[in-house]
Amino acid sequence: MMKTMNKDNNTSPYSRRMISIDRETLDYILSDVVLRGVFQEWADNNLCGENLSFFFSAVAFESLPSLSPPSSSPSSSPLEVESRRIYEQFIKEGAPCQINLDYGEVCNIQAQLSSPSPSMFIPAKSAILDLIQFDILGKFFASTAYSPFKGEDKQKTNKRFPPRKKATLRWRDMPSIRSDSITKLDKCIADPVALSEFMKFTKQERSDCDLRLFLAVLQFEENPTYEEAINIKKKYLEEGAQDEVDIDPMLKMSLFANLMREDDGKKLSQNIFKQVKEQLYSVISQDSFFRFQIFMIKRLALI
C-alpha cells in the first residue's frame, strides 16, 4: 500500500507544505497534454496509475447529466451505467484497479448506485486528488521521467516549469466541432467532424458495421435506386455478407420480399429501408454512440 508523505517532514524539496502552496502545479500537469501523458505513464509503471484514471473518470462523470439518456428504460441511463462501471473498476473490493478509500466512503458510494447523482464521487475524487498532490506528484517530480521538463533556467526564474507553449487543446479551441454534436446521434451525423470522430471510434472498437449501414441507408434515401438497394442487401443484410449486420429476422424477410417484387432500373420508395433505419438508430444510440458519448466527455475532461 502506498504511504503518504509526512506533512511535518520539510527536508524533502517536495514536501507536503511546498506542494500544497503551489496547487497550480498540479492543475498545470493535468491540463497539459504532454505532461499529463508522461505523468500517467509514470504512474502506471509505478503501480499508482489507477488513482489518475479514477480521478479523470470521476471528473467526466460529473458532466454526464448533459447527455441525452438512451430511450429504452431508466435503468440504462448514462449515470447508472457509468457509476456502475466506475464502481466495478475502481471502488469495490477486489476491483481490477482498486483505489484506497475509507470503508465508510465505499459504503456511501455503494448506497448511491441504485439512484446515482452527479456528485456521488466528489468526496472520493477529493481524497484521491489529495493523494496525487501530496504524495504521488512529489515522487513524479523526483523521477527521471520528469527530468526533461525541469529547464536550465529553473533557479533563476523560480518557476517549476520551463517557459514553453502549453500543448493544451480545449473544446472551445476546436471551432469545427459544435459543442452539442455529441448530445444526439442525428446531431453527430449532421456535423462532419463529429461524425468522422464517431466513425474512427466505432472502427477502433470494431462496431462500425451498424453505423456504415445506417449511413448507406441515408444515402440511399437521397437516390433510391434498385441497384443501390441490392448493393446494401448484399453487403450488409444477406447471411454471410461481408459486413453482415444483425437485423430482426422478420424485418429482414419482409424487406427481402419487398425487394423481390421490385424491378431492376426502377426508382424505389425511399422508405423501403425505413424500419431497418429505425432499428439501427435505436441500437446505435443505445450502444456504440452511448459509449462514444462517454469517451468524448472523458476526453473533454482530459484536455
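Residues numbered from 1 in each chain as written. Predicted model: local features only at pLDDT ≥ 70, side-chain atom pairs only at ≥ 80, totals over all residues. Heavy atoms only, no water.

**A word on the overall build of the protein chain**
Put simply, the rule reads: What counts as a helix is a DSSP run of H or I of at least four residues, what counts as a strand is a run of E of at least two, and both are numbered from the N terminus. Relative accessibility thresholds used throughout: buried, under 20% of the residue-type maximum; exposed, over 50%; partly exposed, between the two (1.4 Å probe, protein chains only). In this analysis, two residues are considered to be in contact whenever any of their non-hydrogen atoms come within 4.5 Å of each other.
Within the protein chain, the regular secondary structure consists of 15 helices and zero strands. For the protein chain, the proportion of its 303 residues judged to be buried stands at 43%. Considering only contacts within the protein chain whose residues lie at least 6 apart along the sequence, 65% involve residues at least 24 apart.

**Looking at the pattern of salt bridges**
The condition that has to hold: Salt bridges, as used here, are contacts in which a Lys or Arg side-chain nitrogen is within 4 Å of a carboxyl oxygen on Asp or Glu.
According to the stated counting rule, one finds 13 salt bridges in the structure shown. Residue K139 pairs with D135 through a salt bridge whose shortest N-O separation is 3.2 Å. Of this pair, K139 and D135 both sit in helix α7 (residues 122–141), four residues apart, which is roughly one turn of that helix. One salt bridge in this structure joins K277 and E221, with 3.1 Å as the shortest N-O distance. You can see K277 sitting in helix α14 (residues 274–286) and its partner E221 sitting in helix α11 (residues 208–222), a full 56 residues away along the chain. On the basis of relative accessibility, which here comes to 22%, the residue K277 falls in the partly exposed class.

**Quick notes on the packing of α11 against helix α12 (residues 226–237)**
Counted only if it meets this: Angular values range over 0 to 180 degrees, each being the angle between N-to-C directions of two axes fitted as lines to C-alpha atoms, with helices fitted over their stretch in contact. Note on angle classes: values under 35 degrees are labelled roughly parallel, values over 145 roughly antiparallel, values of 65 to 115 roughly perpendicular, and the remainder oblique. Here the term charged refers only to Asp, Glu, Lys and Arg, the term nonpolar to Ala, Val, Leu, Ile, Met, Phe, Trp, Tyr, Cys and Pro, and the term polar to all other amino acids, Gly among them.
One way to put it is that α11 packs onto α12 with a least axis distance of 11 Å and a crossing angle of 175 degrees. Classified by the interaxial angle, the pair formed by α11 and α12 is roughly antiparallel. Counted together, C209, R212, L213, A216, V217 and F220 of α11 and E228, A229, I232, K235, Y236 and L237 of α12 form the full contact between these two elements. Its residues assigned to classes, the contact of α11 with α12 shows nine nonpolar, no polar and three charged.

**Points about the nonpolar core**
The test is simple: Working definition of a nonpolar core: buried Ala, Val, Leu, Ile, Met, Phe, Trp, Tyr and Cys residues. They are joined through side-chain atoms within 4.5 Å.
Counting residues in hydrophobic clusters, the biggest one holds 38 residues, and the most contacted among them are F39, F54, I91 and F121. If one sorts the elements of this core by residue count, α7 sits on top with nine residues. Among residues more than four places away in sequence, those in contact with F39 are I29, L52, I132, I136, L137 and F140. The next biggest cluster of nonpolar side chains, apart from the first, holds 35 residues, and it includes I182, L255, L259 and M296.

**Focus: α11**
This is how it is decided: Working rule for helices: expected span equals 1.5 Å times residues minus one.
Here α11 spans 22 Å end to end across 15 residues, near enough to the 21 Å set by a 1.5 Å rise per residue. The secondary structure elements touched by the buried residues of α11 are α9 (185–190), α10 (192–204), α12 and α14.

**Thoughts on the side chain of D243**
Its location among the elements puts D243 in the loop between α12 and α13 (249–260). By relative accessible area, which is 12% here, D243 ends up buried. If sequence neighbours within four positions are ignored, D243 has contacts with C209, R212, K235 and Y236.

**Some details on the packing of aromatic side chains**
Convention followed: Planes of paired rings set the category: under 30 degrees apart is stacked, over 60 is edge-to-face and the rest tilted, where pairs are Phe, Tyr or Trp rings (Trp by its six-membered ring) whose centres lie within 6.5 Å. Remark: a charge is flagged as sitting over a ring if the NZ atom of Lys or the CZ atom of Arg is within 6 Å of the ring centre and within 35 degrees of the ring normal.
One pass over the full model with this rule turns up 16 aromatic pairs. Ring pairing ties together the aromatic residues F39, W42, F140, F141 and Y146, which thus form one cluster. For K233, the ring lying beneath its charged end belongs to F256, and the centroid distance is 4.8 Å.

**What about the side chain of E82?**
Where we set the bar: We call two N or O atoms a polar contact when they sit within 3.5 Å, provided that within protein one can donate a hydrogen and the other can accept it, with sequence-adjacent residues counted only if both atoms are side-chain atoms.
Within the fold, E82 resides in helix α5 (residues 78–91). Engagement of the side chain of E82 in a polar contact is seen with the side chain of R85, the distance being 2.8 Å.

**Quick notes on the confidence of the model for the protein chain**
Keep this limit in mind: For every residue, the pLDDT score states the predictor's confidence, bounded by 0 at the bottom and 100 at the top.
This prediction gives the protein chain a mean pLDDT of 77; 74% of its residues lie at or above 70. Ranking the elements of the protein chain by mean pLDDT puts helix α1 (residues 16–21) last with 36 and helix α6 (residues 103–112) first with 94.

**Section: the environment of P224**
Locating P224 in the fold gives a position in the loop between α11 and α12. For the pair formed by P224 and F273, sequence separation is 49 residues and the distance between their alpha carbons is 9.9 Å.

**Concerning helix α4 (residues 49–61)**
Since the α-helix advances by 3.6 residues per turn, residues separated by three or four positions end up pointing in the same direction. Relative to the 18 Å expected for 13 residues at 1.5 Å per residue, α4 spans 18 Å between its end C-alpha atoms, a close match to the ideal helical length. Within α4, 10 of the 13 residues are buried, which leaves the element mostly enclosed by the surrounding structure.

**With respect to the packing of α4 against α5**
Quick reminder of the rule: When the near helix sits turned anticlockwise from the far one by under a right angle, the crossing is termed left-handed; a clockwise turn instead gives a right-handed crossing.
Two elements in contact, α4 and α5, have axes separated by 11 Å at closest approach and are oriented at 170 degrees. Between α4 and α5, the angle is such that the two are roughly antiparallel. Between α4 and α5 lies a crossing whose hand is left-handed. Here E50, S53, F54, S57 and F61 of α4 lie close against α5, whose contacting residues are L79, E82, S83, R85, I86, F90 and I91. When its residues are assigned to classes, the contact of α4 with α5 shows six nonpolar, three polar and three charged.

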